[in-house]
2 protein chains.
Amino acid sequence: MKLTGDMLIGAASVHGREAAFRATDPSSGETLEPAYGGAGPDEVERACALAWQAFGAYRETGLEQRAAFLETVARRIDDLADELVRRACQETALPRGRIESERARTTSQLRLFAAVVREGSWLDARIDPALPERKPLPRADLRLRQIAIGPVAVFGAGNFPLAFSVAGGDTASALAAGCPVVMKAHPAHPGTSEMVGRAVQAAVAECGLPEGVFSLLYGVGNWLGGALVADRRIKAVGFTGSRAGGLALTRVASERPEPIPVFAEMSSINPVLVMPAALAARGAAIGKGLIGSVTLGAGQFCTNPGVVLVQPGGGMDALLAGIAEATAASAPAPMLTAATCAAYKKGVERLTAHPKVEVLARGPESGGINEGAAAVFATDAACFLDDETLSAEVFGAATMLVRCRDAAEMRAVLEDMEGQLTATVHMEVADAEAVRALLPLLELKAGRIVVNGWPTGVEVGHAMVHGGPYPVTTDSRMTSVGTLAIRRFLRPVCYQDLPPLLLPEALLDGNPLGILRRVNGALGRE
Amino acid sequence: MKLTGDMLIGAASVHGREAAFRATDPSSGETLEPAYGGAGPDEVERACALAWQAFGAYRETGLEQRAAFLETVARRIDDLADELVRRACQETALPRGRIESERARTTSQLRLFAAVVREGSWLDARIDPALPERKPLPRADLRLRQIAIGPVAVFGAGNFPLAFSVAGGDTASALAAGCPVVMKAHPAHPGTSEMVGRAVQAAVAECGLPEGVFSLLYGVGNWLGGALVADRRIKAVGFTGSRAGGLALTRVASERPEPIPVFAEMSSINPVLVMPAALAARGAAIGKGLIGSVTLGAGQFCTNPGVVLVQPGGGMDALLAGIAEATAASAPAPMLTAATCAAYKKGVERLTAHPKVEVLARGPESGGINEGAAAVFATDAACFLDDETLSAEVFGAATMLVRCRDAAEMRAVLEDMEGQLTATVHMEVADAEAVRALLPLLELKAGRIVVNGWPTGVEVGHAMVHGGPYPVTTDSRMTSVGTLAIRRFLRPVCYQDLPPLLLPEALLDGNPLGILRRVNGALGRE
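Being a predicted model, the structure only gives us computed values, none of them experimental. Within every chain, residues take consecutive numbers counted from 1 along the sequence as written. Labels are handed out in written order, letters beginning with A for the chains and numbers beginning with 1 for the ligands. Under the rules for a predicted model, residues below a pLDDT of 70 receive no local features and side-chain atom pairs below 80 are neither given nor counted, while totals for whole chains, interfaces and linings still include all residues.

Peer 1: Help me understand the overall build of chain A, please; the structure alone is not making it clear to me.
Peer 2: For helices the rule is a DSSP run of H or I covering at least 4 residues; for strands it is a run of E covering at least 2, with both sets numbered from the N terminus onward. When its secondary structure is counted, chain A shows 14 helices and 21 strands. Compactness check: chain A gives a C-alpha radius of gyration of 25 Å against a globular reference of 24 Å for 526 residues, within 12% of the reference. With respect to the principal axes defined by its C-alpha atoms, chain A has extents near 75 × 65 × 40 Å. Counting other C-beta atoms within 10 Å of its own, a residue is labelled buried from 20 upward, exposed at 12 or fewer, and partly exposed in the gap between, with every C-beta atom placed from the backbone. In chain A, which comprises 526 residues, the proportion classed as buried is 59%. For chain A, long-range pairs separated by at least 24 residues make up 75% of all intrachain contacts whose partners lie at least 6 apart in sequence. Every radius of gyration here is taken over C-alpha atoms, with the globule rule written as 2.2 Å times N^0.38, N being the number of residues. Placing C-beta atoms from the backbone, we regard two residues as in contact once those atoms come within 7 Å.

Peer 1: Hey, could you run me through the sheet that holds strand 9 (residues 214-217) of chain A in this one?
Peer 2: To summarise the sheet geometry, strands pair through backbone hydrogen bonds and adopt either a parallel or an antiparallel arrangement. All names here are of chain A. Spatial strand order, 2-1-9-8-7-10-11: 7 strands in an open sheet with mixed pairing. The open sheet is flanked by strand 2 (12-14) and strand 11 (262-265), the only strands paired with a single partner. Direction aside, the axes of adjacent strands within the sheet are offset by 20° on average. Pairing geometry for strand 8 (residues 181-184) and strand 9, over 4 bridges, is parallel. Paired with Lys184 across the bridge in strand 9 is Leu217. A pair of strands is labelled paired if DSSP reports no fewer than 2 bridges between them. Helix axes use the C-alpha atoms of the stretch in contact, all axes being lines fitted to C-alpha atoms, and the angles between their N-to-C directions lie in the range 0 to 180 degrees.

Peer 1: Is there a simple way to think about the environment of Ala114 of chain A in this case?
Peer 2: Residue and element names in this part refer to chain A. Within the secondary structure layout, Ala114 lies in helix 4 (residues 96-119). For Ala114 and Glu71, which are 43 residues apart along the polypeptide, the C-alpha to C-alpha distance reads 6.5 Å. The residues touching Ala114, leaving out its near neighbours within four places in the chain, are Ala67, Leu70 and Glu71.

Peer 1: I would appreciate a short explanation of the relation of the copies chain B and chain A in the present structure.
Peer 2: Superposing the two chain copies requires a rotation about an axis and a translation along that axis. Least-squares superposition of the copies uses the C-alpha atoms of those residues scoring a pLDDT of at least 70 in each of them. With an RMSD of 0.0 Å, chain B superimposes on chain A once it is rotated by 180° and translated 0.0 Å along the axis. Such values leave the two copies arranged in the relation of a two-fold axis. When you check the interface residues of chain B against chain A, 100% turn up at the interface there too, and the contact is symmetric in its surfaces.

Peer 1: Explain the confidence of the model for chain A to me, please; I cannot follow it from the model alone.
Peer 2: Should pLDDT be low for a region, the predicted coordinates there are not to be read in detail. Confidence scores here are pLDDT values: one per residue, from the predictor, ranging 0 to 100. On average, chain A scores 97 in pLDDT, and the residues at 70 or more come to 100%. Per the prediction output, this complex has pTM 0.98; the corresponding ipTM is 0.98.

Peer 1: Where do I start with the interface of chain B and chain A in this structure?
Peer 2: When the parts come together, some accessible area is lost, and that loss is often what is quoted as the size of the interface. With 56 residues of chain B at the contact, the number on the chain A side is 56 residues. Listed by contribution, the elements that provide at least two residues to the side of chain B that touches chain A are strand 5 (126-128), strand 6 (142-148), helix 14 (432-445), strand 18 (446-451) and strand 19 (490-496) of chain B. If one sorts the elements of the side of chain B that touches chain A by residue count, strand 19 of chain B sits on top with 7 residues. Put simply, Ala, Val, Leu, Ile, Met, Phe, Trp, Tyr, Cys and Pro go in the nonpolar bin, Asp, Glu, Lys and Arg in the charged bin, and everything else, Gly too, in the polar bin. Taken together, the residues that form the side of chain B that touches chain A break down as 30 nonpolar, 13 polar and 13 charged.

Peer 1: Whenever I open this one, unusual backbone geometry confuses me. Can you help?
Peer 2: Trans peptide bonds make up most of the peptide bonds, and negative phi angles are found at most residues other than glycine. The omega torsion of the bond from Lys135 of chain A to Pro136 of chain A falls at 0°, within 30 degrees of zero and hence cis. Cis geometry is adopted by the peptide bond preceding Pro471 of chain B, which originates at Tyr470 of chain B and carries an omega value of 10°. Topologically, Pro471 of chain B is positioned in the loop between strand 18 and strand 19. Even without glycine at this site, Ala81 of chain B takes up a positive phi of about 50°. Within the secondary structure, Ala81 of chain B sits in helix 3 (residues 81-92). When the 11 C-beta atoms within 10 Å are taken as the criterion, Ala81 of chain B is described as exposed.

Peer 1: It is not clear to me how the nonpolar core should be interpreted in this structure. Could you clarify?
Peer 2: Leu70, Val237 and Val274 of chain A together with Leu70, Val237 and Val274 of chain B are the most contacted members of the largest nonpolar core, which has 348 residues in total. Not counting residues up to four positions away in its chain, the partners in contact with Leu70 of chain B are Leu110, Phe113, Ala114, Val117, Ala172, Leu175 and Ala176 of chain B. What makes a nonpolar core is a set of buried Ala, Val, Leu, Ile, Met, Phe, Trp, Tyr and Cys residues, with links drawn between C-beta atoms within 7 Å.

Peer 1: It is not clear to me how helix 1 (residues 41-58) of chain B should be interpreted in this structure. Could you clarify?
Peer 2: Think of an α-helix as 3.6 residues a turn; residues three or four steps apart then line up on the same face. All names here are of chain B. Each helix should span, by expectation, one fewer than its residue count multiplied by 1.5 Å. Across its 18 residues, helix 1 extends 25 Å between first and last C-alpha, which sits within 8% of the 26 Å expected from 1.5 Å per residue. Taken together, the buried positions of helix 1 are Glu43, Val44, Ala47, Cys48, Leu50, Ala51, Ala54, Phe55 and Tyr58. Of the surrounding secondary structure, the elements contacted by the buried residues of helix 1 are strand 1 (7-9), strand 2 (12-14), strand 8 (181-184), strand 9 (214-217) and helix 7 (223-230).

Peer 1: I tried to follow the sheet that holds strand 9 of chain B on my own but got confused; where do I start?
Peer 2: All names here are of chain B. What the 7 strands build is an open sheet, ordered 2-1-9-8-7-10-11; its pairing is mixed. This sheet does not close on itself; its edge strands, each paired only once, are strand 2 and strand 11 (262-265). Recorded for the sheet is a direction-independent mean angle of 20° between the axes of neighbouring strands.

Peer 1: What is the right way to read the pairing of strand 17 (residues 420-426) of chain B from this model?
Peer 2: One face of the sheet, then the other: side chains in a regular strand alternate in exactly this way. All names here are of chain B. Where burial is concerned, most of strand 17 is hidden: 7 out of the 7 residues are buried. Two strands pair when backbone bridges link them, and strand 12 (residues 271-274) and strand 17 are joined in this way by 3 bridges, in the parallel orientation. Among the inter-strand pairings, Val274 is bridged to a residue of strand 17, identified as His426. Sheet analysis places strand 17 next to strand 18, joined by 5 bridges and oriented parallel.

Peer 1: I'm lost on the pairing of strand 3 (residues 18-24) of chain A in this one. Help?
Peer 2: Residues and elements named next belong to chain A. Alignment of strand 3 against strand 4 (residues 31-38), held across 4 bridges, turns out to be antiparallel. Along strand 4, the bridge assignment pairs Glu18 with Gly38. Hairpin connection, strand 3 to strand 4: the antiparallel pair is bridged by 6 residues, and Gly29 has positive phi, about 80°.

Peer 1: What is the right way to read the packing of helix 3 of chain B against helix 6 (residues 190-206) of chain B from this model?
Peer 2: Describing two packed helices takes the angle between their axes plus the distance from one axis to the other. Residues and elements named next belong to chain B. One way to put it is that helix 3 packs onto helix 6 with a least axis distance of 8 Å and a crossing angle of 155°. Relative to helix 6, helix 3 is oriented roughly antiparallel. Our pair here, helix 3 against helix 6, has a crossing hand that is left-handed. Contacts from Leu84, Arg87, Ala88 and Glu91 in helix 3 reach Gly191, Thr192 and Met195 in helix 6. Orientation labels follow simple angle bins: below 35 degrees gives roughly parallel, above 145 gives roughly antiparallel, 65 to 115 gives roughly perpendicular, and whatever is left gives oblique. Put simply, a crossing is left-handed when the front helix is turned counterclockwise from the back one by less than a right angle, and right-handed when it is turned clockwise.

Peer 1: Explain helix 6 of chain B here, please?
Peer 2: Taking 1.5 Å of rise per residue, 17 residues should cover 24 Å, and helix 6 of chain B covers 24 Å from first to last C-alpha, within 8% of that figure. Just downstream of helix 6 of chain B, Gly208 of chain B is the residue with a positive phi angle, here 70°.

Peer 1: Sorry if this is basic, but what is going on with the environment of Val435 of chain B here?
Peer 2: Assignment of secondary structure puts Val435 of chain B in helix 14. By C-beta crowding, Val435 of chain B is classed as buried, having 22 other C-beta atoms within 10 Å. Separated by 337 residues in sequence, Val435 of chain B and Arg98 of chain B place their C-alpha atoms 34 Å apart. Excluding anything up to four places from it in sequence, Val435 of chain B contacts Leu502 of chain A together with Met275, Val425 and Met427 of chain B.

Peer 1: Just to check I follow, could you spell out the environment of Lys235 of chain B for this structure?
Peer 2: Within the element layout of this structure, Lys235 of chain B appears in the loop between helix 7 and strand 10 (236-240). Along the chain, Lys235 of chain B and Pro276 of chain B lie 41 residues apart, while their C-alpha atoms are 49 Å from each other.

Below is the structure:
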């Protein structure tokens, strides 16, 4: 595919006239063609107007048609073949294996949402039939279904050029819900975005859908994002990125004449608890596993384990040795962008210079540009509790061992912690009672609790939660990964005494769609 | 029951030391004993601390125990017998029949949520079993359930002293979800609130639950509500009332260090569309039905039909005659409070004096105090569109006929309208195509669509939606009436590779609770 640098506004290709930018290969600093022109007010207006026009027809597409569309997007991404992998590797410096598996995740995510659409439970169809003889008052015929909330603005994430970008989880779940998507590409991988965007655009055409179902805009700086979120036709926002960015968009959304929900997934430090028996039994393995998770993808995961709580005890030396060995053996890798790397280095320097922080281990550097070598720090729980800068996320391959005096101090550190995506526990059977006592606290702090594993690696399935209490997300009741993510973009409507000729198909007597429905409260296929 | 004027803070009775107030019988102006002392910072602190203490145990009560608790609350409200009805009538001037049916609704709502708790679908239990052999990467064992979000602050509504107050829909759904409730009684009916509050308090004790599961505070003015919503231990808010009140609380909630969701249900004018064939077929009956709905409970329903859109055509004279006749026959009734009545009269005067508004009919007055006689106005669609003060809610027995030139102008008025709780259509088969064309717009404007009925009367069931797009609520994805209301107070947690001895019972292999669960995406009782 020849990249053009054009935005995709419905079926059109449009070259933006605002500040142009190019991608950079972070591993070489080389600028990559073509130039991407930024969107201005005309493009935002056009994309949002088309999305609004498309909304009426798209939200009423049949289950099969909508599912087939999601599968067509997946197939057309597969059709991009190695060209997509090469460009994504170039733009992100992520290794080929990672990009290939991310592509597989992205297409299987689209196919999973196709299956969700077909299955139909997301419609939450409910029927309370009329009770005309009921005393003292008859009951009307009441039927409920979920409908799409409206066009959604989706922001591509820097750290997942495929799975959290143009056809990633937010887009897939919004499209599955029946919402058109106006996408703002992440400026670090515009070529990858254009390729995937053209796949979506072609799928829209192939499936005979209205062109406004999908548009893709580019822009550097903050103007474009704010303009999209402020547009009256946008009814919800999906965002993955920094806390500053997420909160700024949330502010714009709340100040609209009609405020809209923003589903922002932001910084997390993902605490890991090493329980005493686990430390004693396998301190070295835990240390190695930790560094494996910390350095995966140069540490650029939302679920990167950024803080490790440990109590004194047998196995501590083995843990430290495991950390030291794995860190020394870690491969330096270029980070996603020069800015990301600069922020990482600044964070590492800040901790290195901190009088209460010890540098436990540093990974080797190869001298390549934009490299973020691993960094492992340690401090005492008292210092950690005392200085909130120590719990600020350092995005990259850094982590901090926090030495707790005892179980009570470990709990105190957790209690003081903000909301997190994940909380991980390493334990043996002998730790079970202590973990059981901590579990309710972990549930209140995190969206996912991991035992004897690592939080990196977010499975896309039915039981996944990628979310958690504020400030890690702006809505703890939702998830941005997994099939439950569709719920963000739906709202219920009740139909009272509608004649059958006006009822939506999902609510007709005889259940022509064959979906699960709740009749008088009981789930079945009636 | 001897009323004490005490707040109920956990198991304690506490007389507030802040500004005291008494209820008034709106039909006589008579002051009702006892005096209710307002809550200060100590009482807020104590109620929230107790709620937080109770939260851990309460959210993990078994399904049967929690359901039995809700049923105990219902039984203890029934046990209040006629004393409760008498006091509620006195404090609200609502007729006995209305209070009796509201009590029945309140207790059946509690029993319905008990059934919901037992059925267990609200847990949304999901299991994606481990796939250790999967290539290229194994899948971990992932299990999801919904947990209670935390203590909820609930604000009693003035217009429903039972069904939207101390043990009303917000309280019932929050308790069903596993959330302790800190209640702010509506100051217009403190005696009713105390009685019901004591029933809840006694049920907490009878069921052996921690005392902090429920507290009841009083206060006039805005301080108490703001303090409750700002308290760090409160994690969500349920509110029914004015737009100013709901938005003020939303602002407080969004400015907290940890913002929390506010589920506010606010003003609505509930448009009614009279389609041409329906007008021709039964204009008089529609006019009479309209006035019946408008004057029900002195018009003090959130779902009161405040605007009626009609096109010129046969039946118009009959409609006007029906309206005139029913309005003349309407019984004047005292409103809930002197302030409510004063606001109603001011609204009626404003419309009466409006140069573009015609007074179609006025209901008779009996000279009783605080009476809100019915008022029916008319204007042209062009004027209605031109002057937004004409679409401001006049809370009480007022409605406005809006004459639309044609179907296009009727649509234009709807398109210009804000989000609504309900939209009602009167139609005959001959109107079906026109209604079908309007239906998508109605879905985007309202949470409930009613055909050939009236929006007053909100059934508490599985298929009800009492909600709608902003500004009628602050979260269009939710409902404050019906079983779906429980979802407001839940958030999902994912458990990865937890050993069985740490898993919540809902997620254990073998399904000991016997609930519906989603295993690999398929619903069943596995």
